[in-house]
Amino acid sequence: VQLQASGGGLVQAGGSLRLSCAASGQTFSSYTVAWFRQAPGKEREFVAGIGGYTRYAESVKGRFTIPRDNAKSTVYLQTNSLKPDETAVYYCAARRSIAVYTNTETYDYWGQGTLVTVSS
């Protein structure tokens, strides 16, 4: 599976962005896809994932959603009410499973990342 993340950019605090993770190469619907983010000097952290169910980090619940379009082999991350400390490179990752895991080691495929900058 090849993953291509896009949609990042500069947004003011309180604003929104929709990130996209487009997949190619395999039957996409059988894969769990997750979004992670990594801020400068920090570890990569789980944001949201979709497999047999959806799962969100506590910090983004109620603000982010992770819709999926299997016909387009694309998973989105709709980010709302963004905060300056959410400035990071956002990565999408995939693994063939139903469960949504939050640790990076369980994912086999990664996109290249897209930068989200939230200004105050």
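In short, a report on the structure.

What follows is about the overall build of the protein. In terms of regular secondary structure, the protein is built from 0 helices and 12 strands. Order of helices (α) and strands (β) in the protein, N terminus to C terminus: β-β-β-β-β-β-β-β-β-β-β-β. Whereas a compact globule of 120 residues would reach a radius of gyration of roughly 14 Å, the protein reaches 13 Å, a difference of no more than 12%. Taken over the C-alpha atoms alone, the protein extends approximately 40 × 25 × 25 Å along its principal axes.

Moving on, we get to the state of the cysteines. Between two cysteines, a covalent bond joining their sulfur atoms is known as a disulfide. Applying the stated criterion to the full structure yields 1 disulfide. Bridging Cys21 to Cys92, the disulfide has an S-S length of 2.2 Å. Between Cys21 and Cys92, the S-S dihedral sits near 75 degrees, and the bridge is therefore right-handed. Here Cys21 is found in strand 3 (residues 17–24), whereas its partner Cys92 is found in strand 10 (residues 88–96), with 71 residues between them in sequence. Judged by relative accessible area, which is 0%, Cys21 ranks as buried.

In this section: the environment of Phe36. Within the fold, Phe36 resides in strand 4 (residues 31–38). Distance in space between the C-alpha atoms of Phe36 and Asn103 is 9.3 Å, their sequence separation being 67 residues.

If you look at the biggest cluster of nonpolar residues, it comprises 35 residues, and the most contacted ones within it are Leu3, Trp35, Val47, Val75, Leu77 and Tyr90. Of all the secondary structure elements, the ones that give two or more residues to this core are strand 1 (2–6), strand 3, strand 4, strand 5 (45–50), strand 9 (74–79), strand 10 and strand 12 (114–119).

Positive phi outside glycine occurs at Ser73, with the angle close to 50 degrees. On the secondary structure map, Ser73 appears in the loop between strand 8 (68–69) and strand 9. You can call Ser73 buried: its relative accessible area is 18%. At Ser81, a position not held by glycine, the phi torsion is positive, near 50 degrees. Within the element layout of this structure, Ser81 appears in the loop between strand 9 and strand 10.

With that out of the way, let us pick up the packing of aromatic side chains. Evaluated as defined, the whole model comprises 6 aromatic pairs. The interplanar angle of 65 degrees and the centroid separation of 6.2 Å between the aromatic rings of Tyr31 and Tyr109 together place this pair among those described as edge-to-face. Taken together, the positions of Tyr31 in strand 4 and Tyr109 in strand 11 (residues 109–110) put the pair 78 residues apart, joining distant regions of the chain. What makes Tyr31 buried here is its relative accessible area of 5%.

Within this model, the largest pocket holds a volume of roughly 190 Å³. The wall of the largest pocket is formed by Arg37, Gln38, Ala39, Lys42, Glu43, Glu45, Ser59, Arg63, Lys83, Asp85, Glu86 and Ala88. Here the residues of the lining of the largest pocket sort into 2 nonpolar, 2 polar and 8 charged.

Rules of the game
Residues numbered from 1 in each chain as written. Predicted model: local features only at pLDDT ≥ 70, side-chain atom pairs only at ≥ 80, totals over all residues. Heavy atoms only, no water. Helix = DSSP H or I, 4+ residues; strand = E, 2+ residues; numbered from the N terminus. Rg over C-alpha atoms; globule rule 2.2 N^0.38 Å. Disulfide = S-S within 2.5 Å. Buried < 20%, exposed > 50% of the residue type's maximum accessible area, 1.4 Å probe, protein only. Core = buried A, V, L, I, M, F, W, Y, C linked by side-chain atoms within 4.5 Å. Phe/Tyr/Trp six-rings, centres within 6.5 Å; stacked < 30°, edge-to-face > 60°. 1 Å grid on protein atoms, 1.4 Å probe; cavity = no way out; pocket = protein on both sides within 12 Å on 5 of 7 lines; lining within 4 Å. Points joined across faces, edges and corners; volume = space filled by probe spheres on them. Nonpolar A, V, L, I, M, F, W, Y, C, P; charged D, E, K, R; others polar.

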